[in-house]
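Next come the chains, spelled out residue by residue.
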Amino acid sequence: MSFLHNGVTAHRGNPAEFPENTLPGFRSGIELGADWLELDVHLTRDGELVVCHDHTTGRTADRHLVIAETTWAELRGLDFGTPACPARMPLLREVIELVQSQRRTRLSIQPKADCVAETAALVRRLGAEEWIGFNDGDARKLAQARSLLPDAWIFLDTPPGLADVQPVLACTRTHRFQAVVMHHSTVTPERVASLVAAGLEVGAWTVNEPAAMRAMLQAGATRLYTDFPRRFLDLLNKG
């Protein structure tokens, strides 16, 4: 079975239905049929790669800790779940191994800390190159990922204030990035067309409402980062 290509990036797993950036959410994204999962990675004080969006745990767990100042042994005891869905912070290794158990959905990694080299080393150690891509707004991190994993799929995320796509095009040409994911507020048919003409896949982040999903598709975006992968898949299936 080959990897899916439906343009559905399950942003932080499936946070509409499960705690974000946890194994239950990532399993759900795979089961629903998203072609990519997206997650965020930090380094603990003792050098473990862990999955969490924020630099601290207070928003999503039962204690407020700074990840870079905390050991994995301390972080693994935190509660990131809900009464209906127990969950803890996963190691990046655990999510990669989950993704490697199937061949439909791939994994896009956003390195929130200075951890691209450590992430690439883990990917190579697990033999997971086929399953892995990277996304970020920092072209330097993505260029480092490209140099360490030359065949990885790279998504350049652009900011809400994007005024001109020409520098974006120059960046993607220089570093051989394959995709650009624009903030939804900056997506226009003209911008999408210029990116597509350069051979790039074009997406939008983060798009959760059906009307906004339709607007992005009508503008020509073919990938959406969404907290509601089930909703987006249903919309695509209905045509």
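Before reading on, note that the structure itself is shown above.
Calculation criteria
- Starting afresh in each chain, residues are numbered from 1 along the sequence in its written order.
- pLDDT decides what is reported in this predicted model: residues at 70 or higher carry local features, side-chain atom pairs at 80 or more are listed and counted, and totals for whole chains, interfaces and linings draw on all residues regardless.
- Only heavy atoms go into the side-chain values, all of them from the structure, while hydrogens and water stay out.
- Side-chain atoms within 4.5 Å are what join buried Ala, Val, Leu, Ile, Met, Phe, Trp, Tyr and Cys residues into a set we call a nonpolar core.
- Whether a residue is buried, partly exposed or exposed follows from its accessible area with a 1.4 Å probe, protein chains only, as a fraction of its type maximum: under 20%, in between, or over 50%, in that order.
- Secondary structure counts use DSSP, requiring at least four H or I residues in a row for a helix and at least two E residues in a row for a strand, with both numbered from the N terminus.
- Two residues form a contact once any of their heavy atoms are found within 4.5 Å.
- Stacked, tilted and edge-to-face are the three classes applied to pairs of Phe, Tyr and Trp rings, where Trp contributes its six-membered ring and a pair requires centres within 6.5 Å; stacked means planes under 30 degrees apart, edge-to-face means over 60, and tilted covers the rest.
- Consider the ring centre and the ring normal. A charge sits over the ring if Lys NZ or Arg CZ is within 6 Å of that centre and within 35 degrees of that normal.
- Buried and open spaces are told apart on a 1 Å grid over the protein atoms alone, a cavity being a set of points where a 1.4 Å probe fits but cannot get out and a pocket being an open set with protein on both sides within 12 Å along at least five of seven lines. Residues with an atom within 4 Å of a point are the lining residues.
- Grid points are joined across faces, edges and corners, and a volume is the space filled by probe spheres set on the points.
- Gly counts as polar in this scheme, as do all residues outside two lists: the nonpolar Ala, Val, Leu, Ile, Met, Phe, Trp, Tyr, Cys and Pro, and the charged Asp, Glu, Lys and Arg.

Participant: What am I meant to see in the nonpolar core here?
Facilitator: Note that soluble globular proteins tend to have their nonpolar side chains buried in a common cluster. Membership of the largest hydrophobic core comes to 58 residues, with the highest contact counts inside it found for L39, L92, L107, I132, F134 and L195. Take this core: its biggest share by element is five residues, from helix α3 (residues 92–100). Those residues in contact with L92 that lie beyond four places of it in its chain are L39, V41, L49, V50, V51, L107, I109, T119 and L122. L65, I67, W72 and F80 belong to the second-largest nonpolar core, a separate cluster that totals eleven residues.

Participant: Sorry if this is basic, but what is going on with the packing of aromatic side chains here?
Facilitator: Ring pairs (aromatic) are described by centroid distance and by the angle formed between their planes. Overall, the coordinates contain two aromatic pairs when judged by the stated rule. Their ring planes at 80° and their centres at 6.2 Å tell us that F3 and W131 sit as a pair that is edge-to-face. In this pair, F3 sits in the segment before β1 (8–11) while W131 sits in the loop between α4 (116–126) and β5 (132–136), placing the two residues 128 residues apart along the sequence. Side by side, F3 and W131 carry an identical accessibility label, which is buried. Plain terms: the ring middles of W36 and F155 are 5.1 Å apart, the flat faces sit at 85° to each other, and that makes the pair edge-to-face. Of the two residues, W36 sits in strand β2 (residues 36–43) while F155 sits in strand β6 (residues 153–157), which places them 119 residues apart along the sequence. Like F155, W36 is buried. Lying over the aromatic face of W131, R103 brings its terminal NZ or CZ to 5.1 Å of the ring centre. Positioned over the ring face of F228 is R231, at 4.0 Å from the centre of the ring.

Participant: Any chance you could explain α3 here in plain terms?
Facilitator: Looking at α3, one finds that the buried residues are L92, E94, V95, I96, L98 and V99. At its buried positions, α3 is contacted by α1 (23–32), β2, β3 (49–51), β4 (106–111), α4 and β5.

Participant: Explain empty space enclosed by the protein here, please?
Facilitator: In this approach the atoms are scanned with a rolling probe the size of a water molecule, which exposes any empty space left behind. Inspection of every chain in the model, using the stated rule, returns one cavity of 30 Å³ or more. If you trace the largest cavity, you find it lined by E20, N21, V51, C52, H53, D54, R59, T60, F80, M89 and P90. Residue classes in the lining of the largest cavity are distributed as five nonpolar, three polar and three charged.

Participant: Where do I start with the layout of surface pockets in this structure?
Facilitator: Approximately 220 Å³ is the volume found for the largest pocket. Forming the boundary of the largest pocket are 17 residues, of which H11, Q110, K112, D157 and W205 lie nearest the centre. Counted by class, the lining of the largest pocket contains four nonpolar, seven polar and six charged residues. Here the second largest pocket defines a volume of roughly 170 Å³. Partitioning the lining of the second largest pocket into residue classes produces five nonpolar, one polar and four charged.

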